[in-house]
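An overview of the molecular structure
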Amino acid sequence: MDGETLTFGVDGTLILNSLVMYDRETESRWSQFLGRAVDGPKRDTELTFVPSVMVSWGAWKTEHPDTLFLDTGSSRPIYDSYEDYYLDPDAIGAFGEVNRDRRFDRKDIVLGVALGENARAYSLGDLFRNKVINDTLGETSIVAVFDEYSYLSTVFDRTVAGRTLAFRQGDEPLQMVDEQTNSVWNKLDGRATSGPLKGERLTMLPSFQLFWFAWSDFYSNTTVYRPSNSP
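Keep in mind that what you see is a predicted model, and the values were worked out from it rather than measured. (Residues numbered from 1 in each chain as written. Predicted model: local features only at pLDDT ≥ 70, side-chain atom pairs only at ≥ 80, totals over all residues. Heavy atoms only, no water.)

**Overview of the nonpolar core**
Among the nonpolar cores identified, the biggest contains 15 residues, and Phe 33, Val 110, Leu 210, Trp 212, Trp 215 and Tyr 219 are the most heavily contacted of them. Looking at this core, the elements that each hand over two or more residues are strand S6 (118–123), strand S17 (207–211) and helix H4 (212–218). For this core, the leading source of residues is H4, giving five residues. Other than its neighbours up to four places away in sequence, Phe 33 contacts Ser 18, Phe 49, Phe 208, Leu 210, Trp 215, Phe 218 and Tyr 219. (Core = buried A, V, L, I, M, F, W, Y, C linked by side-chain atoms within 4.5 Å. Buried < 20%, exposed > 50% of the residue type's maximum accessible area, 1.4 Å probe, protein only. Helix = DSSP H or I, 4+ residues; strand = E, 2+ residues; numbered from the N terminus. Contact = heavy atoms within 4.5 Å.)

Set out below in structure tokens:
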């Protein structure tokens, strides 16, 4: 950042139930969710988001067979200590919700994307039914994609080389096809794998798969996807 490399640790506090980090160089405090310093010398400075996806290891390894992974050397069994929390509808973070928005149930899982002043949430139900959702958020044409087999959900800008594409589900779970050229695209990384646009790549946008109460707390002005939102 401005030629300076920051190193981060966990502050131990929460903002709207989300982890707070600090950097060791300036002791500024940062919201993990927003990627922005909330106080200290770096206040209002934003980190650059590096888009990533949460996906099954099997699906990732198939697409990227040379991937390396971090082996911590731990022999402890892997389990999710938050399993009971996920299943308890009355357990709402550490401090409850701030924005009581009932367009979805509080612990419904949504895919959220924010671009500037505009934010939108997609229910997993809509994503499951549609698999590929062409949409517009503010001035940006986007596509939200989903695959229940690999647990993938993410969002891309669907404008490539000045041309706005519309997509549909492909023959394979991790494929989608554009209506304009019938090129086949990989949902995992937005890359065209065959057809006239082979080699082109969609820009992945930062998105989050999270509880509805968490998304609406941070983005109280969020819209929610309905079929009428689509162009």
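**What about the environment of Tyr 122?**
Positionally, Tyr 122 belongs in strand S6. Exposure remark for Tyr 122: the relative accessible area of 0% places this residue in the buried category. Spatially, the C-alpha atom of Tyr 122 lies 12 Å from that of Ile 142, the residues being 20 residues apart in sequence. Residues contacting Tyr 122, with those up to four places away along its chain left out, are Ile 109, Val 110, Leu 111, Val 113, Leu 127, Ile 133, Asp 135, Ile 142, Ala 144 and Tyr 225. Side chain to side chain, Tyr 122 and Asp 135 meet in a polar contact 2.7 Å long. (Polar contact = N/O pair within 3.5 Å; in protein donor to acceptor, adjacent residues only side chain to side chain.)

**Some words on a negative patch on the surface**
A cluster of acidic residues, Asp 80, Glu 83, Asp 84 and Asp 88, forms a negative patch on the protein surface. Within the fold, Asp 88 resides in the loop between helix H2 (83–87) and strand S5 (109–115). (Patch = residues over 30% accessible without salt bridge, like charges linked within 9 Å, V, L, I, M, F, W, Y side chains within 5 Å. Areas by Shrake-Rupley, 256 points an atom, 1.4 Å probe, with all protein chains shown as cover. Salt bridge = Lys/Arg side-chain N within 4 Å of Asp/Glu carboxyl O. Lys, Arg positive; Asp, Glu negative; His and termini not counted. Charge placed at Lys NZ, Arg CZ, Asp CG, Glu CD.)

**Some points on the sheet that holds strand S12 (residues 167–169)**
Read across the sheet, four strands follow the order S12-S13-S14-S15 without closing on themselves; strand pairing throughout is antiparallel. Edge positions in the sheet fall to S12 and strand S15 (192–194), since each has one partner strand and no second. When strand polarity is set aside, the average angle formed by the axes of neighbouring strands in this sheet is 40 degrees. Relative to strand S14 (residues 184–186), strand S13 (residues 175–178) is paired through three bridges, and the arrangement is antiparallel. (Pairing = 2+ DSSP bridges. Axes fitted to C-alpha atoms, helices over the stretch in contact; angles between N-to-C directions.)

**Re the pairing of strand S1 (residues 8–15)**
Sheet topology note: the S1/strand S2 (residues 18–23) ladder contains five bridges and is antiparallel. What sits directly across from Gly 9, in S2, is Tyr 22. In textbook terms, the turn of a hairpin is the stretch between consecutive antiparallel strands, and for S1 and S2 this stretch comprises two residues, one of which, Leu 16, has a positive phi near 50 degrees.

**Structural notes on the pairing of S6**
With five of six residues buried, S6 is to be regarded as a mostly interior element. By the bridge criterion, six bridges tie S5 to S6 in an arrangement that is antiparallel. When the bridges of S6 are listed, Leu 111 appears paired with Tyr 122. The hairpin formed by S5 and S6 contains two residues between the paired strands, and Gly 116 there has a positive phi angle of roughly 60 degrees. Pairing between S6 and strand S18 (residues 223–224): two bridges, direction parallel. Its bridge partner lying in S18, Arg 120 is registered against Thr 223.

**Details of the environment of Ile 109**
Topologically, Ile 109 is positioned in strand S5. The exposure class of Ile 109 is partly exposed, given its relative accessible area of 29%. Residues Ile 109 and Gly 40, 69 residues apart in the sequence, show an inter-C-alpha distance of 33 Å. Among residues more than four places away in sequence, those in contact with Ile 109 are Tyr 122, Ser 123, Leu 124, Gln 209, Leu 210 and Phe 211.

**Side note on unusual backbone geometry**
Residues other than glycine seldom take positive phi values, yet Asn 17 does so here, at roughly 70 degrees. Exposure remark for Asn 17: the relative accessible area of 22% places this residue in the partly exposed category. Within the chain, Glu 27 stands out as a residue other than glycine whose phi angle is a positive 60 degrees. Here Glu 27 shows up in the loop between S2 and strand S3 (29–31).

Keep in mind that these numbers describe shape and distance, not what the molecule does.
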